[in-house]
Amino acid sequence: MCGFTLVFVALGMSATAVGVLIAGSLPALRTISGVFVLAMGIHLSGLIQVPFALRERRMSARAAGPLAPALLGATFGFAWTPCAGPILASILILASQQGTVIRGGMLLLAYSAGVALPFLLASLFLERAVRLVSRIRGGAPVIQKVAGVVMALLGISIIAGWF
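Quick caveat, the model's predicted, so the values are computed rather than measured.

### Structural notes on the overall build of the chain
Line of reasoning, step 1. Looking only at helices and strands, the chain has 7 helices and 0 strands in total.
Line of reasoning, step 2. Helices (α) and strands (β) of the chain occur, in sequence order from the N terminus, as α-α-α-α-α-α-α.
Line of reasoning, step 3. Relative to its full complement of 163 residues, the chain shows a buried share of 31%.
Line of reasoning, step 4. Counted over contacts in the chain with a minimum sequence separation of 6, partners at least 24 positions apart contribute 81%.
Line of reasoning, step 5. For the chain, the computed accessible surface area is about 10500 Å², with 74% contributed by carbon and sulfur atoms.

### A closer look at the side chain of S45
Line of reasoning, step 1. Mapped onto the fold, S45 is located in helix α2 (residues 26–45).
Line of reasoning, step 2. Polar side-chain contacts of S45 include one of 3.5 Å to the backbone nitrogen of L47.
Line of reasoning, step 3. When near neighbours in sequence (up to four residues on either side) are disregarded, S45 contacts Q144, K145, G148 and V149.

Rules used in this analysis
Residues numbered from 1 in each chain as written. Predicted model: local features only at pLDDT ≥ 70, side-chain atom pairs only at ≥ 80, totals over all residues. Heavy atoms only, no water. Helix = DSSP H or I, 4+ residues; strand = E, 2+ residues; numbered from the N terminus. Buried < 20%, exposed > 50% of the residue type's maximum accessible area, 1.4 Å probe, protein only. Contact = heavy atoms within 4.5 Å. Areas by Shrake-Rupley, 256 points an atom, 1.4 Å probe, with all protein chains shown as cover. Polar contact = N/O pair within 3.5 Å; in protein donor to acceptor, adjacent residues only side chain to side chain.

It is worth stressing that arrangement in space is one thing and function is another; only the former is reported here.
In structure tokens:
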């Protein structure tokens, strides 16, 4: 968990630092960001598929010793794009507009906590989690479509200046 949290927080702080550097272009950046979030929401909802967002890369790495979990978590954080790409990209865009690196980092820390919580709970209640996942698996497409619509609405609110 620490590995991917470190990756996500570093991404958030970097996005904020870049956002601070280009703050003079904020209205244009906000519009571009809103269009991007809207497009990713449409993609996530399944209305239109964006081919580059469907790519998956795998690699085999052998890490030994006490750093193995952190390295695995960092690899997970970098490689989880097919699952988290649209949502992570949207949060990074929001982080870029936070004004301070700390606020951007905190935003991604909250995202990381949200990603980590299901994994922690699943590890504590593994047997029950396996049964629950098998029961809700059929509802995953609906959950994905609803998340896409919510993300598209967020994109519209960013474009309109409401967010």
